[in-house]
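Breakdown of the fold
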Amino acid sequence: MSADLRDITINGEVIKPGSRCVVDLNLPGFYTHTPIPMPVHVIHGREDGPRVFVSAAIHGDELNGVEVIRRLLKRPSLKRLRGTLFAIPVVNVYGVIHHSRYLPDGRDLNRTFPGSERGSLAARLANQFMCEIVAQCTHGIDLHTGANYRSNLPQIRAKLDDEETEDLARAFGVPVLLNSDLRDGSLRQAAAECGVRMLVYEAGESLRFDEVSIRAGVNGITNVLRALGMLKSKANKKTKAKKKRARTEPFIARSSTWVRAPQSGVLCSPIRLGARVKKNDLLGLVADPFSDQETEVCAHAEGLIIGRTNIPLVNEGEALFHIARFESAKEVATQVEAFRAGYLEPPEAALETPAPSAEKA
Ligand SMILES: [Zn+2]
């Protein structure tokens, strides 16, 4: 392999091959004169290779990805990275400050790409992200969670009719893949227009950390970097012996559909993410809290529950359960169970800092 020693430039800073640094992109500041930087971690390998960005919190209340990136950046294997990794733990800085999906102007950043230099605050942020990061990348992984008190079973959404994208989606290593169309104004659409292949990882709920989703996310990104030849494949015997996690077989959903609230009220449902349901199965009850009136909520399709609401207060028409249809929902359900079981060991990565000594009381 030939070593092509190329500098990269971000925000006017030149980064040499074989170096690692954090570059702050300067976003429009607050009216209080408070500056708003967007820190970008750059790991620029000694050897030329793919250039990948990993981004989180484009929706400012979707925090699992922030933790995924924090743990990813601690991985010692990144020292030997081939190619370049841009990791952006917080894209929508304004939203994260306010625990909000949106920007202060009320816009959804993921409907504003590719943005423009003179547009709204959201459009300017999107434009800066495109020009400084996406424009110099070959691939991207964007990390999301369910919105509005909904949680998602770990899943990859991508344009799976593109062969290379499908290979990367499979390499990620979660049981459910959704072939989703590009949505107007999303980062994924804007990236595709620049020839950048992207995966969207959806897992867990907004404003929560979900341990299985986080760990599956860190492993998934590492798997993709391996598939791209940026990290060496596992060779270390010790690691092999320690991790007996079975390889997850991914299944592509044929389609997906939401079951909506038949009336307003309180929702009672024992249905878990990953549950397999058949058509007309009872998923729960929506009850009127001021009378004894109850309405059954039934599945209108066979499949697997890949998303559900967690708030028991629902209005008529609200999305309650997301069902994905598969060739064989049974096989997928088995795979989901195995996948979960593989992540049930103690979360050593979360708490690597040694506990303070108890001797000095
Ligand atoms: Zn999101």
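Residues numbered from 1 in each chain as written. Predicted model: local features only at pLDDT ≥ 70, side-chain atom pairs only at ≥ 80, totals over all residues. Heavy atoms only, no water.

1. What about the nonpolar core?
- In terms of nonpolar packing, the biggest core is built from 37 residues, with Leu 85, Leu 143, Ile 156, Phe 172 and Ile 221 touching the most fellow members.
- Ranked by residue count, the leading element in this core is helix H6 (residues 211–227), at seven residues.
- Excluding its chain neighbours within four sequence positions, the residues that come into contact with Ile 221 are Val 54, Val 68, Leu 72, Ile 141, Leu 143 and Phe 172.
- Residues Ile 8, Val 23, Leu 25 and Ala 190 belong to the second largest nonpolar core, which totals 34 residues. (Core = buried A, V, L, I, M, F, W, Y, C linked by side-chain atoms within 4.5 Å. Buried < 20%, exposed > 50% of the residue type's maximum accessible area, 1.4 Å probe, protein only. Helix = DSSP H or I, 4+ residues; strand = E, 2+ residues; numbered from the N terminus. Contact = heavy atoms within 4.5 Å.)

2. Observations concerning the coordination of the zinc ion
- Coordination of the zinc ion by the protein comes from His 59 (ND1), Glu 62 (OE), Glu 62 (OE) and His 144 (ND1), over a distance range of 2.1 to 2.5 Å.
- Of note, the zinc ion draws all its donor residues from one chain, in the sequence arrangement H-x2-E-x81-H. Here His 59, found in the loop between strand E5 (47–56) and helix H1 (64–72), pairs with His 144, found in strand E7 (residues 139–146); they are 85 residues apart in sequence, far enough to count as distant. (Donors = N, O, S within 2.8 Å, 3.2 Å for Na, K, Ca; no water.)

3. Considerations on the environment of Arg 276
- Here Arg 276 lies in strand E14 (residues 276–277).
- Taking the relative accessible area as the measure of exposure, Arg 276 reaches 37% and is therefore partly exposed.
- When the C-alpha positions of Arg 276 and Ile 305 are compared, they lie 6.5 Å apart, and in sequence the two are 29 residues distant.
- Residue contacts for Arg 276: discarding those within four places in its chain leaves Glu 302, Gly 303, Leu 304, Ala 329, Lys 330 and Ala 333.

4. Quick notes on the environment of Ser 328
- Tracing the backbone through its elements, the reader meets Ser 328 in the loop between strand E19 (319–325) and helix H8 (329–342).
- Sequence spacing of Ser 328 and Glu 13 is 315 residues, and the spatial spacing of their C-alpha atoms is 51 Å.

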